[in-house]
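Notes for the structure review
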Amino acid sequence: MDNSMIKLEETWRWYGDNDSITLQDIIQAGATGIVTALHHLPTGEAWSVNEITKRKQQIENSGLRWSVVESIPVHEDIKRQTGNYKTYIENYKTSIKNLGSCGINTVCYNFMPVLDWSRTDLDYIVKDQSTALRFDEIAYAAFDLFILQRQNAESEYSDEIIQKAESYYKNLDDQKTDDLEKTILAGLPGSEEGYTLDEFKEILGSYNGISARSLQNHLFHFISEILPAAEESGVRMAIHPDDPPFPLFGLPRVVSTEQGAKELIESYDSEFNGLTFCTGSYGARSDNDLPGMVQRLGHRINFIHLRSVERENGRSFHEANHLEGSMDMAAVMRALINEQFRRKKEGRTDTNIPMRPDHGHRMLDDMKKESAPGYSCIGRLRGLAELRGLELGIRHTLENQ
Ligand code: DNO
């Protein structure tokens with residue numbers, strides 16, 4: 001492969017037939033690869049060749065390819081090592097093998113207990129009047145302390161946050177209380193699970209006594225079990241980081257930092273045991289040096305999510321336009337392109353790492369349309385176009401140096 005063939009593979013997340021954005025729309029966005037999952041199958045069930053083939057053909061009939069599975073969800077029993085976890089691990093291996101036999105070679109997953117990604121506001125109005133997703137630590141604390149009333153939650157907050165959360169809570173009317181509860185518990189797209197307040201309390205209780213160290217052990221055990229199947233089937237695993245990258249509701253999270261990602265990679269040394277490098281998730285922490293992470297962990301990046309966040313006070317943040325916010329997207333892109341050059345030099349064939357524009361603001365005509373939070377068309381279209389231009393410019397410069 002000469003350098004001109006090397007590029008990031010442009011992909012787009014598609015939620016299947018229920019998605020208001022069609023495969024034809026995605027072609028117009030310029031993406032060539034689809035990122036999707038068999039969302040209709042219950043968590044824990046093995047994905048059959050038949051179900052995989054049906055979806056794959058649908059995608060290929062439109063002229064696209066199914067590049068990445070995002071995600072095969074990991075059953076809570078596996079995260080807790082309780083109940084039927086051994087069966088669920090076997091089912092997971094079957095899904096991996098079946099995907100490999102159908103020629104689908106990248107699988108994204110996460111190991112966040114109970115909740116997948118979380119926000120407190122899905123319609124935060126930014127300066128240009130488009131709307132973004134936001135995580136407000138005061139709203140989150142108000143929910144935890146005064147709506148959920150989680151036992152001993154106060155011990156996890158400073159007096160200042162408790163006071164602010166209390167006055168925030170006092171100013172919420174019934175509608176706003178309801179909205180906050182739904183935003184946190186109903187499950188954002190792709191998370192597959194949603195809870196009522198009572199169900200949530202119960203499932204939180206089931207994690208009592210599971211420390212960060214034990215969760216990490218459960219994760220490493222899971223990896224050691226599934227990786228031989230992944231290697232045998234040629235399927236690259238790509239763990240998605242915690243979003244946001246810190247513990248919520250007293251639940252441990254273990255893939256939030258460079259250290260966490262490094263320990264994971266080292267727990268099983270194989271290029272099939274890799275990362276989803278999600279700049280929005282890792283970038284919500286100022287102590288994550290994103291370009292440096294690509295330099296140091298790049299050899300294990302199997303999938304890329306590109307978006308930016310604007311960090312606010314404390315742990316709060318909102319989603320910024322792709323090339324704005326608190327991170328240096330150009331520096332990340334440059335590091336990713338250098339990683340591709342390195343792979344080529346080493347003779348690796350996985351130079352064209354799949355990348356998708358992650359999330360986007362709701363803007364223009366999409367303000368009038370239904371779409372999954374974060375997954376409106378035009379905001380992502382803008383993101384992809386900007387990222388494509390950035391990539392091209394940097395690649396051109398590096399190649400001609
Ligand atoms: C949010 C997504 C997550 C992600 C899963 C991966 O937009 O990035 O839902 O798909 O955490 O397992």
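Residues numbered from 1 in each chain as written. Predicted model: local features only at pLDDT ≥ 70, side-chain atom pairs only at ≥ 80, totals over all residues. Heavy atoms only, no water.

1. Considering the overall build of the chain
Short version of the rule: A run of H or I in DSSP counts as a helix once it spans at least four residues, and a run of E counts as a strand once it spans at least two, with each numbered from the N terminus. Taken over C-alpha atoms, the radius of gyration is set against a globule rule of 2.2 Å times the number of residues to the power 0.38. Burial status follows relative accessibility: with a 1.4 Å probe on protein chains alone, a residue under 20% of its type maximum counts as buried, one over 50% as exposed, and anything between as partly exposed. Contacts are assigned to residue pairs that have any heavy atoms within 4.5 Å of one another. Note that accessible areas follow from Shrake-Rupley with a 1.4 Å probe, and for residues the cover is restricted to the protein chains shown.
Regarding its fold elements, the chain presents 14 helices and 12 strands. Taking 2.2 N^0.38 as the reference for a compact globule, 401 residues should give roughly 21 Å; the C-alpha atoms of the chain span a radius of gyration of 21 Å, in line with that estimate. In terms of overall dimensions, the chain has C-alpha extents of about 60 × 50 × 40 Å along its principal axes. Out of the 401 residues belonging to the chain, those deemed buried represent 57%. In the chain, the share of contacts with a sequence separation of at least 24, taken over all contacts with a separation of at least 6, comes to 72%. Of the roughly 17000 Å² that the chain leaves accessible, carbon and sulfur atoms contribute 46%.

2. Quick look at the domain arrangement of the chain
Formally: Residue ranges assigned to the domains are those given by an automatic or database domain assignment. Using a 1.4 Å probe, buried area is obtained as the accessible area two parts lose upon being combined, added over both of them.
Parsing the chain into structural domains produces domain 1 (9–118 + 209–399) and domain 2 (121–203). Computed from C-alpha atoms alone, the centre-to-centre distance between domain 1 and domain 2 is 25 Å. The interface is formed by 37 residues belonging to domain 1 together with 30 residues belonging to domain 2. Summing the contributions of domain 1 and of domain 2, the shared interface buries around 2700 Å²; its carbon and sulfur component is 62%. For domain 1, the biggest contributors to the area lost against domain 2 are V114, W117 and F249; these three give 25% of the whole.

3. A few points about the site of the ligand
Threshold: Neighbouring residues are identified by heavy atoms, a residue being near a molecule or strand if any of them is within 4 Å of it. Counted as a polar contact is a pair of N or O atoms within 3.5 Å, where, for protein atoms, one must be capable of donating a hydrogen and the other of accepting one, and residues adjacent in sequence contribute only when both atoms are in side chains. All residues other than Ala, Val, Leu, Ile, Met, Phe, Trp, Tyr, Cys, Pro, Asp, Glu, Lys and Arg, Gly among them, are scored as polar; the first ten of these are nonpolar and the last four charged.
Taken together, 15 residues lie around the ligand, and E70, S71, N110, H359 and Y375 are the ones closest in. A distance of 2.9 Å separates an oxygen atom of the ligand from a polar atom in the side chain of N110. H240 places a side-chain nitrogen or oxygen 3.1 Å from an oxygen atom of the ligand. Here the residues of the shell around the ligand sort into six nonpolar, five polar and four charged.

4. With respect to the sheet that holds strand β10 (residues 308–311)
Applicable threshold: The rule for pairing is simple: two strands pair if DSSP sees at least two bridges between them. Helix axes use the C-alpha atoms of the stretch in contact, all axes being lines fitted to C-alpha atoms, and the angles between their N-to-C directions lie in the range 0 to 180 degrees.
Sheet architecture is open: four strands sit in the order β5-β6-β11-β10, paired in antiparallel fashion. Whereas interior strands pair on both sides, the edge strands pair on one side only; in this sheet they are β5 (121–125) and β10. Geometrically, the sheet is characterised by an average inter-axis angle of 40 degrees between neighbouring strands, direction not taken into account. Of the pairings in the sheet, the one linking β10 to strand β11 (residues 317–320) comprises four bridges and is antiparallel in character. In the sheet register, S308 faces β11, and the bridge partner there is A320.

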